[in-house]
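# Remarks on the overall topology
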Number of protein chains: 2
Amino acid sequence: MSALVESPAWQALVEHAATARDLSLRTLFDADADRFAHFSLAAGPLFIDCSKHLVTARTRELLVALARQQGMDSAIADLFGGVRLNHTERRPALHTALRDRSGQPVMLDGRDVMPDVRSVLARMRRFSDGVRDGALRGLGGEPFDAVVNIGIGGSDLGPQMVVEALRAHVRPDLKVRFVSNVDDTHLVESLRGLDPARTLFLVSSKTFTTQETMTNAASARRWLVSGLRDERAVATHFAAISTNLEATAAFGIAPDRVFEFWDWVGGRYSLWSAIGLPIAIAVGMDRFESLLGGAHAMDRHFRTAPLETNAPVLLGLLGVWYRNFLGCATQAVLPYEQYLHRLPAYLQQLDMESNGKRTDRSGRPVDYDTGPVVWGEPGTNGQHAFFQLLHQGTQMVPADFILAARGAHDLEGHHDILLANCIAQSQALAFGKTEAEAGAEMIRNGIDPAEADRLAPYRAFPGNRPSTTIVMDSLTPEALGALIALFEHRVFVQATLWNINPFDQWGVELGKQLAGTVLASLRAGTPAANLDGSTRGLIDRVGRNT
Amino acid sequence: MSALVESPAWQALVEHAATARDLSLRTLFDADADRFAHFSLAAGPLFIDCSKHLVTARTRELLVALARQQGMDSAIADLFGGVRLNHTERRPALHTALRDRSGQPVMLDGRDVMPDVRSVLARMRRFSDGVRDGALRGLGGEPFDAVVNIGIGGSDLGPQMVVEALRAHVRPDLKVRFVSNVDDTHLVESLRGLDPARTLFLVSSKTFTTQETMTNAASARRWLVSGLRDERAVATHFAAISTNLEATAAFGIAPDRVFEFWDWVGGRYSLWSAIGLPIAIAVGMDRFESLLGGAHAMDRHFRTAPLETNAPVLLGLLGVWYRNFLGCATQAVLPYEQYLHRLPAYLQQLDMESNGKRTDRSGRPVDYDTGPVVWGEPGTNGQHAFFQLLHQGTQMVPADFILAARGAHDLEGHHDILLANCIAQSQALAFGKTEAEAGAEMIRNGIDPAEADRLAPYRAFPGNRPSTTIVMDSLTPEALGALIALFEHRVFVQATLWNINPFDQWGVELGKQLAGTVLASLRAGTPAANLDGSTRGLIDRVGRNT
């Protein structure tokens, strides 16, 4: 057994969980008239209701004790302090510096990183202002009316999710599109209707070697040059976010069009850096800085709040409670906010690429579960799709409901229905409906008693299905920044509890490596002999049609 | 214990699973040079590789025995025969009749339903042709250049997924959009840039009372009438897919603009009916009929192939194998095809709303797991997001890879990279890389032995992570129809094995019911006193800001 599983705090939770399986949320709310107040908290611009979780005050104590045992306070200090927490790659994870608004230095190896951060922010402001106000123009002197971001993973999901979230603030005459998939469909469909003379490309790749991104960038370059019939268009219509100045120059991108970031910024934590340039262009640099400000507010909360009232810590602990002690394999994210429709995809990377690990910090295989599968779709849509399983399936799925008290638009009678559904769904999950209640209700509604009896088992809901509700006043850049930082820190908290490194991603390597061999076989028209039978068979199969 | 769990076939699998946990795909492939051929099959236009599953020939025998024990053959016959398999609602599920191209009658209660099916198809053809060729026009005589579908759940996900999948065939001058969420953002953003004089709305709701759909339809109606300043525009610019002729008439929709379907068509099985009208308008009725033809080919296969080589049966059995005997909670869907980007969301409804059930056909709670959480994103995107967890996480996630040998476009060097990545990912999942291999590789690459030793545990992959690869020649309407029908039938097969009813959805009721009370409280400005503390607290909280 690992030291973690053997530890007193873990074992106390194992013991406690045996009783917690029988907890009833109805009973817990009946027993404590102020449970809502006792289990909700504020963090920056967010209000978070944790009262509908399968926990008692005792559970919270035991969970906080686990956090303490695992050195949460010093882990948080180490994160902000630039310690090389990414031990396999010997790097710190200092994304919090990117949004530090305190004016204080952030030291790394005896050097303040903030002047570099501010200098790139200033360059982003000049560039995004220039694109927006028409000071920067295409080769033919026309202003840009389309920005196409080419990147994948962290160079795509973060900025795309934020631009979608803030779409109400995107200038209507500006088309902002994201191309990630190497499937050429993605590029072809994204370029549809665009005028090369007015299109700006941003190529995001730290190394400027990412296969998908470079393949798409090369095709975009051809589209541009053949559209404008002038090779010089590349210098005017392309910018890059990269650290590889040689490769960007070889591509034809001018050095003053290359925006840098640093090896202490992980891909899935990079939207706060120059990777956020498409955000700045889409909604303006002021709003981008508000986004940073919201994240910084959450950072302050995370860094200073006691563990007992620390939102990322508590949400992280709840995640571990469900994953390791109540056996839940997944976590649902259910934004009741259409603009957040890409939040689940973004969180899939953030969470699963960080915590989908099986080797602990000392190189040993873990003997406990780590990161859950994260998934979801916006409400109310999900209600008409997969909520059936949340309510009546055989597995418990902890859910995060997210809502904004005020909506972005004011069509009559929409937003209050949205809010009512969100609140009612978590209520239904928590409190359910017994078979007796379902039967009695049918009889009240005039259904024949025999039929009511027959249907009652199907119309009963077990309840005791836990959820968090996160409330924003409205979906401002500040609130969004805080929300993202809340999730980032929750992931870090869980990694700390699990004794794993959330900042590397060795698991993406093997597939990339093998793709090289398969590609060579496909291009040669015949599978390499040393391949397994399935790989050979599939290469053969698709080869017949290509 | 339930009869199912006690049954000989189930118990034989329990016993077999104890040994199967140690199966190695490397060993299985080494032991059988023809494993690929032995575990792959053709079904209609699809080729399906099941060789990378954690099964032996013996596993397959035991699984097929389970299918036989659970009466799979007669269940399939009952499905096509119009038996009231939806026993709680006393309805058959005859969606296969919607795509029946055999010319044979399909009898329901002694009456052939095919004349009705064909008559609606003929009306769909006239209407979609009319919209496409300009015979049908807006109030001011202008042809339609935008179609906005208003519907939710089955009236949204199916048609939307198909229109996205076939977007290469959508006439470029025709904008086709889907509005589902009651969040007004969805409607506002979908109407952006549309000209009321050229916009056609389709309102899809069987009862014409669905809260989200009617709220959106009312707002769309106001947008139209205020844009054209003429109430008569409703009759010209709206059509409905509904059975409630009274309500559609009250809304102002002419009877000849209302398309019917039948109570033997479930919402999540309805894209083949008039609910598919937006598909027919988007890509033309001929392609819609090709889609039906592809589904019909899969129906024929499902109905006639022996259980041992029946694709939906085998995929359903594999799902049960992982869910019930190897403890997998989720199923990933990974289309390597950007046009299929909404397939996972579609399958979430199809699968989770069908099989997220806990009460068996005799009204007893099940004592085994039913439907998994279904989730996914297109490859190659997912590789840069959540694949880390698939490769190195602590839970096993069976995955469906889907690819088309030929792509829709021909940009140089994209499609073969896409294919290579797809094939290599399933290879990496299956065969992994040992710690020794990882270490030796690093040393070959000149990495210091101590460092190689330190990193090897992180760069090792456990392998033995199962996947199916489904190959289409190309993403034609026929192949898409077959693919959807394959998944529909897999869901049915699993429901049959689990002895549950996949065709009802009682689990969506409680939330709807409770939303009424919450909405009344929100509108009254104060929470009803009999509500629980969390619901009261949340109503209070959002009320302050609305």
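Let us look at the structure shown here. (Residues numbered from 1 in each chain as written. Chains lettered and ligands numbered in written order. Predicted model: local features only at pLDDT ≥ 70, side-chain atom pairs only at ≥ 80, totals over all residues. Heavy atoms only, no water.)

### Details of the overall build of chain A
Per the secondary structure count, chain A includes 24 helices and 13 strands. The globule rule puts the C-alpha radius of gyration for 546 residues at 24 Å, and the 25 Å found for chain A is close to it. Within chain A, buried positions represent 66% of all 546 residues. Excluding contacts between residues fewer than 6 apart, the proportion of contacts in chain A whose partners are at least 24 apart in sequence is 74%. Accessible surface, chain A as shown: approximately 17,900 Å² in total, 50% of it carbon and sulfur. (Helix = DSSP H or I, 4+ residues; strand = E, 2+ residues; numbered from the N terminus. Rg over C-alpha atoms; globule rule 2.2 N^0.38 Å. Buried < 20%, exposed > 50% of the residue type's maximum accessible area, 1.4 Å probe, protein only. Contact = heavy atoms within 4.5 Å. Areas by Shrake-Rupley, 256 points an atom, 1.4 Å probe, with all protein chains shown as cover.)

### Here's the deal with helix 21 (residues 449–459) of chain B
For helix 21 of chain B, the full list of buried residues reads Glu451(B), Ala452(B), Leu455(B), Ala456(B), Pro457(B), Tyr458(B) and Arg459(B). Its buried side turned inward, helix 21 of chain B meets helix 23 (509–524) of chain A together with helix 18 (387–392) and helix 20 (435–444) of chain B. Where helix 21 of chain B begins, the side chain of Asp448(B) points an oxygen toward the backbone nitrogen of Ala450(B), at a separation of 3.2 Å. (Polar contact = N/O pair within 3.5 Å; in protein donor to acceptor, adjacent residues only side chain to side chain.)

### Details of the sheet that holds strand 9 (residues 258–259) of chain A
Residues and elements named next belong to chain A. As summarised here, the arrangement of the 5 strands in space is 6-5-7-8-9, forming an open sheet in which the pairing is parallel. Edge positions in the open sheet fall to strand 6 (175–179) and strand 9, since each of these has one partner strand only. Note that strand 5 (residues 146–150) and strand 7 (residues 199–204) share 5 bridges and pair parallel. Looking at the pairing, Ala 146 lines up with Thr 199 of strand 7. (Pairing = 2+ DSSP bridges.)

### A closer look at the pattern of salt bridges
With the rule as written, the count across this model stands at 57 salt bridges over all chains. Between Arg68(A) and Glu308(A) there is a salt bridge, with its nearest N and O atoms 3.3 Å apart. Here Arg68(A), found in helix 5 (residues 57–69), pairs with Glu308(A), found in the loop between helix 15 (285–304) and helix 16 (311–325); they are 240 residues apart in sequence, far enough to count as distant. Arg68(A) sits in the partly exposed class, given a relative accessible area of 45%. One salt bridge in this structure joins Arg198(B) and Glu142(B), with 3.5 Å as the shortest N-O distance. Of this pair, Arg198(B) sits in the loop between helix 10 (184–191) and strand 7 (199–204) while Glu142(B) sits in the loop between helix 8 (114–133) and strand 5 (146–150), placing them 56 residues apart in sequence. What makes Arg198(B) partly exposed here is its relative accessible area of 25%. Judged by relative accessible area, Glu142(B) falls into the partly exposed class, the value being 28%. Through salt bridges with shared partners, a single network forms among Arg101(A), Arg125(A), Asp286(A) and Glu289(A). (Salt bridge = Lys/Arg side-chain N within 4 Å of Asp/Glu carboxyl O.)

### Considering the sheet that holds strand 12 (residues 399–404) of chain A
Residue and element names in this part refer to chain A. Overall, mixed pairing links the 6 strands, which are arranged 1-2-13-12-10-11 in an open sheet. One side of each edge strand has no neighbouring strand; the edge strands of this open sheet are strand 1 (40–43) and strand 11 (373–375). Shown here is a sheet whose adjacent strand axes are inclined to one another by a mean of 20 degrees, direction ignored. Two strands pair when backbone bridges link them, and strand 2 (residues 46–49) and strand 13 (residues 467–472) are joined in this way by 3 bridges, in the antiparallel orientation. Of the residues in strand 13, the one forming a bridge with Phe 47 is Val 471. (Axes fitted to C-alpha atoms, helices over the stretch in contact; angles between N-to-C directions.)

### Thoughts on the packing of aromatic side chains
Residue and element names in this part refer to chain A. Enumeration over the complete set of coordinates arrives at 36 aromatic pairs over all chains. Where Trp 10 meets Tyr 368, the ring centres are 5.7 Å apart and the plane angle is 50 degrees; that geometry is what we call tilted. In this pair, Trp 10 is assigned in helix 2 (residues 8–20) and Tyr 368 in the loop between helix 17 (343–355) and strand 11, connecting sequence segments 358 residues apart. By the burial criterion, Trp 10 is buried, and Tyr 368 matches it. In this structure an aromatic cluster arises from ring pairing among Phe 80, Tyr 269, Phe 302, Phe 492 and Phe 503. The positively charged end of Arg 221 is found above the aromatic ring belonging to Phe 251, 5.4 Å away from the centroid. (Phe/Tyr/Trp six-rings, centres within 6.5 Å; stacked < 30°, edge-to-face > 60°. Lys NZ or Arg CZ within 6 Å of the ring centre and 35° of its normal.)

### Considerations on the interface of chain A and chain B
Opposite the 142 residues of chain A that make contact, chain B presents 142 residues. When the buried area of chain A at its contact with chain B is split by residue, His384(A), Gln388(A) and Tyr458(A) rank highest and sum to 6% of it. The tally of links between chain A and chain B comes to 8 salt bridges. Measuring nitrogen to oxygen at the nearest pair gives 3.2 Å for the salt bridge that ties Glu451(A) to Arg90(B). For the interface between chain A and chain B, the tally reads 76 residue pairs in polar contact (both at pLDDT 80 or more). Considering every element that reaches the side of chain A that touches chain B, the biggest residue donor is helix 19 (residues 415–431) of chain A, with 12 residues. Class assignment of the residues belonging to the side of chain A that touches chain B gives a composition of 54 nonpolar, 52 polar and 36 charged. (Buried area = accessible area lost by both parts, 1.4 Å probe. Nonpolar A, V, L, I, M, F, W, Y, C, P; charged D, E, K, R; others polar.)

### Structural notes on the side chain of Ser2(B)
All names here are of chain B. Along the chain, Ser 2 falls in the segment before helix 1 (3–6). Judged by its relative accessible area of 16%, Ser 2 is buried. Separated by 3.2 Å, the side chain of Ser 2 and the backbone nitrogen of Val 5 make a polar contact. Excluding anything up to four places from it in sequence, Ser 2 contacts Asp 367 and Tyr 368.

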